[in-house]
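Examination of the molecular architecture
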Amino acid sequence: MSAGSNPPMPNPRQAKGFLVTVSLPSMLIASRLRRGDVFALPENPSRHLKIKAIAPHPELSSRLIIIPADKTAQFTLHVDEPIQPVSMPRTIQVTCQLCGADTTTDLDLVAQGEPKAWVCNRH
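Described in the following lines is the structure provided in the data block. Bear in mind the structure is a predicted one, so any value in this text is a computation, not a measurement.

1. Overview of the overall build of the protein chain
- When its secondary structure is counted, the protein chain shows one helix and 11 strands.
- Within the protein chain, the fraction of its 123 residues that count as buried is 35%.
- Within the protein chain, counting contacts between residues at least 6 apart in sequence, those at least 24 apart form 46% of the total.
- Only carbon and sulfur atoms are counted for the fraction: they give 53% of the accessible area of the protein chain, which is about 7400 Å².

Encoded structure:
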């Protein structure tokens, strides 16, 4: 799946400097999911599933075990199965492109995009 041609955009909410992000595509593969993410399956886009836990299947290496937070039964997804991301909160470490300083920042990859470059507020 390609990310399309989303140009890098500045993230105005970044108080620690200037962060450039790129929008996520509307569909991702299941292997990108983490605990706390919210997603929908393409066949039922209005039903959002929040992940309580996610783990590799112990016997089928190409499958993930998903335990939803809403107490429904656990299910499996193929690692390459397309999903529609709704929320993907992450704490990301970024390095200044000019001086090499590091910091961490909280982003929702769906709302704010994936970080591509950061310049700290000293420049």
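2. Thoughts on the state of the cysteines
- Throughout the structure, instances matching the rule amount to zero disulfides.
- Left without a disulfide partner, Cys99 is nearest to the cysteine sulfur of Cys96, which lies 3.7 Å away.
- Here Cys120 is not disulfide-linked; the sulfur of Cys99 is the nearest cysteine sulfur, at 3.8 Å.

3. Focus on the sheet that holds strand β6 (residues 63–68)
- The strand order across the open sheet formed by six strands is β3-β8-β4-β5-β6-β7, and the pairing between neighbours is antiparallel. Taken across any chain shown, the strands that pair with only one partner, and hence form the sheet edges, are β3 (28–29) and β7 (75–78).
- The sheet contact formed by strand β4 (residues 38–41) and strand β8 (residues 82–87) spans three bridges and is antiparallel. What sits directly across from Ala40, in β8, is Gln84.

What counts and how
In this numbering scheme, every chain counts its residues from 1 along its sequence in written order. Per-residue local features of the predicted model are confined to residues with pLDDT of at least 70, and side-chain atom pairs are confined, for both listing and counting, to 80 or more; whole-chain, interface and lining totals are unaffected and use all residues. The side-chain quantities take in all heavy atoms of the structure and omit both hydrogens and water. Note on conventions: DSSP H or I runs of at least 4 residues are helices, E runs of at least 2 residues are strands, and numbering of each starts at the N terminus. The cut-offs for exposure are 20% and 50% of the maximum accessible area for each residue type, with area from a 1.4 Å probe on protein chains only; residues under the lower value are buried, those over the upper are exposed, and the others partly exposed. Any two residues whose heavy atoms approach within 4.5 Å are treated as being in contact. The method behind every accessible area is Shrake-Rupley, applied with a 1.4 Å probe, and residues are considered shielded solely by the protein chains displayed. Two cysteine sulfur atoms make up a disulfide if the distance between them is within 2.5 Å. At least two bridges found by DSSP between two strands are what make those strands a pair.

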